[in-house]
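# Geometric and topological summary
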Amino acid sequence: MLSAISKSFFHLLARSRGLEALASRVGMARPTSFGRRFIAGETLDEAIAAARAIQAGGMNVTLDQLGESVTTISGADAATRIYLQTVDAIVGAGVERNISLKLSQLGLNIDRATCTDNLRRILEASRPHDFFVRIDMEESSTVPATLEVFQSVWDQGSRHVGLVLQSALYRSEEDARRLSDAGVRIRLVKGAYKEPKSVAYQKKADVDAAFVRIMDQLLRTGTYPALATHDPAIIDAAKRMAAANRIGNDRYEFQMLYGIRRDLQAALVAEGFRLRLYVPFGTQWFPYFMRRLGERPANLAFVLRALIRDR
Ligand code: FDA
């Protein structure tokens, strides 16, 4: 209940242009600024430096150029061009070739065909360089369109692209079955958005139980599933399921967000599990940052501490 309220509250704040302008001015200004806790930096160079450090620590990365809910065709084109530059820069820097993106950045909410074309441009530029491109999942209202855009590039032969499914949504168990039968690589998450009860579980226990059911299915029949959570109980359940089914550590991976549960990240790597960090960067970090606060309102304390320290 409390977590639903805090999610709604922070999602509401995330729409405040005034707060965004204020946060953007101070949130990344210094090395100690609060935004840097969850965001690798505002520039591609900073993201690449973060990726190098993470890889040196024995982890893998996926780079995410932040941005969402683009409202004009020219904005979607600009986001696509930034992704194309990101692909080139990653190749040039020699860091791992793995990116995550949101279809609302590429124009999903404006025009489906334009969005598909933009995604295709990124897939075509990245294919010769052995990239993997992960499509993040956004609000439930965008799931059918996201699946359709994905299906159209998949049907045209793209296989270096995968999807995210959210265990909070009732539909995800069926989507997971259908997509893993087709060999699609899935990242399983709990779901970061505030959703109505017509489409999503409202209790954390139900979201967690659905995560475990889908995880079980993906581990046994999926293609290199990514289990994206910081939940120690679920991570332990994954290890037990994999061991019971004799599934080697190389057949799946854990994923976590940059800056969250660094203790657990280090422990997993020390135990020999594969772990990929989602490394977000860019100037449009405010909505992403607010979702992280909504998940754990205690994070407000470090924002306040950083503001007092940097004042
Ligand atoms: P849960 O919320 O139960 O948290 C478990 C524990 O993790 C907490 O007790 C706490 O210790 C720690 N924790 C979690 N969130 C924290 C925070 N913000 N700050 C500090 N500690 C925190 N969602 C989505 O809808 N679409 C997507 O495409 C993605 N993509 C994605 C990629 C990757 C790699 C990850 C790890 C997550 C996502 N998510 C996402 C976000 C996901 O849906 C979910 O909101 C968060 O991962 C938090 O849920 P947990 O599974 O960690 O569990």
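As a reminder, the structure under discussion sits directly above these lines.
None of these values were measured; they are calculated from a predicted model.

## Some remarks on the site of the ligand
Around the ligand there are 25 residues in total, and Gly-191, Lys-204, Thr-229, His-230 and Glu-295 lie nearest to it. In this structure, Lys-190 approaches the ligand through a side-chain N or O atom, which is 2.7 Å from an oxygen atom. Glu-295 places a polar side-chain atom, nitrogen or oxygen, 2.6 Å from an oxygen atom of the ligand. For the ligand, the protein covers 88% of the area, taking 930 Å² as the surface of the free molecule. Taken together, the elements giving at least two residues each to the shell around the ligand come down to strand E4 (161-166), strand E5 (186-189), strand E7 (253-257) and helix H11 (286-295). No other element matches E7, which puts three residues into the shell around the ligand. The class makeup of the residues in the shell around the ligand is 10 nonpolar, six polar and nine charged.

## Let's talk about unusual backbone geometry
The backbone of Ser-69 sits at a positive phi, close to 50°, despite the residue not being glycine. Structurally, the position occupied by Ser-69 is in the loop between strand E1 (60-65) and helix H4 (73-93). Among the residues examined, Ser-69 registers a relative accessible area of 42% and is labelled partly exposed. Phi is positive for Tyr-224, which is not a glycine, with a value near 40°. Mapped onto the secondary structure, Tyr-224 falls in the loop between helix H8 (204-221) and strand E6 (226-228).

## What to know about the nonpolar core
Counting 70 residues, the largest nonpolar core has Leu-101, Leu-103, Leu-119, Met-215, Phe-254 and Val-279 as its most contacted members. Take this core: its biggest share by element is seven residues, from helix H6 (residues 143-155). If we skip the residues at most four places from it in the chain, Leu-101 touches Asp-64, Tyr-83, Leu-106, Leu-119, Ile-122, Val-133, Arg-134, Ile-135 and Asp-136. Core analysis: the second largest hydrophobic core is formed by 20 residues, Phe-286, Leu-293, Val-303 and Ala-306 among them.

## Some remarks on the environment of Ala-301
You can see Ala-301 is positioned in helix H12 (residues 299-309). Residue class for Ala-301 comes out partly exposed when judged on its relative accessible area of 37%.

## Overview of the sheet that holds E7
Reading around the barrel, the eight strands line up as E1-E2-E3-E4-E5-E6-E7-E8 and close back on themselves, with parallel pairing between neighbours. Each strand axis lies, on average, 25° off the axis of its neighbour in the sheet, ignoring direction.

## Thoughts on the packing of H6 against helix H7 (residues 172-181)
In contact at an axis separation of 13 Å, H6 and H7 are set at 5° when each is read in the N-to-C sense. Accordingly, the angle class assigned to the pair H6 and H7 is roughly parallel. Contact residues: H6 offers Leu-147, Phe-150 and Gln-151, while H7 offers Asp-175, Arg-178 and Leu-179.

## Here we look at the pattern of salt bridges
As enumerated under the stated definition, the model contains 23 salt bridges in all. Note that Arg-36 and Glu-46 form a salt bridge whose closest N and O atoms lie 3.0 Å from each other. Pair noted here: Arg-36 is in the loop between helix H2 (17-26) and helix H3 (44-56) and Glu-46 is in helix H3, with a separation of 10 residues, a long-range link. The partly exposed category is assigned to Arg-36, whose relative accessible area is 22%. Judged by relative accessible area, Glu-46 falls into the partly exposed class, the value being 26%.

## Let's talk about the packing of aromatic side chains
Considering all chains together, one arrives at nine aromatic pairs under this definition. When the ring of Tyr-252 is compared with that of Phe-254, the centres are 5.6 Å apart and the planes differ by 80°; the resulting orientation is edge-to-face. Like Tyr-252, the residue Phe-254 is buried in the burial classification. Site record: aromatic cluster; members linked through ring pairs are Phe-34, Phe-38, Trp-285 and Phe-289. In this arrangement the basic side chain of Arg-185 is found over the ring face of Phe-132, its NZ or CZ atom lying 3.8 Å from the centre. Over the face of the ring belonging to Tyr-288 we find Arg-292, whose NZ or CZ atom lies 4.5 Å from the ring centre.

Conventions used here
Residues numbered from 1 in each chain as written. Predicted model: local features only at pLDDT ≥ 70, side-chain atom pairs only at ≥ 80, totals over all residues. Heavy atoms only, no water. Near = heavy atom within 4 Å. Polar contact = N/O pair within 3.5 Å; in protein donor to acceptor, adjacent residues only side chain to side chain. Areas by Shrake-Rupley, 256 points an atom, 1.4 Å probe, with all protein chains shown as cover. Helix = DSSP H or I, 4+ residues; strand = E, 2+ residues; numbered from the N terminus. Nonpolar A, V, L, I, M, F, W, Y, C, P; charged D, E, K, R; others polar. Buried < 20%, exposed > 50% of the residue type's maximum accessible area, 1.4 Å probe, protein only. Core = buried A, V, L, I, M, F, W, Y, C linked by side-chain atoms within 4.5 Å. Contact = heavy atoms within 4.5 Å. Pairing = 2+ DSSP bridges. Axes fitted to C-alpha atoms, helices over the stretch in contact; angles between N-to-C directions. Parallel < 35°, antiparallel > 145°, perpendicular 65-115°, else oblique. Salt bridge = Lys/Arg side-chain N within 4 Å of Asp/Glu carboxyl O. Phe/Tyr/Trp six-rings, centres within 6.5 Å; stacked < 30°, edge-to-face > 60°. Lys NZ or Arg CZ within 6 Å of the ring centre and 35° of its normal.

Taken by themselves, the reported measurements are silent on function.
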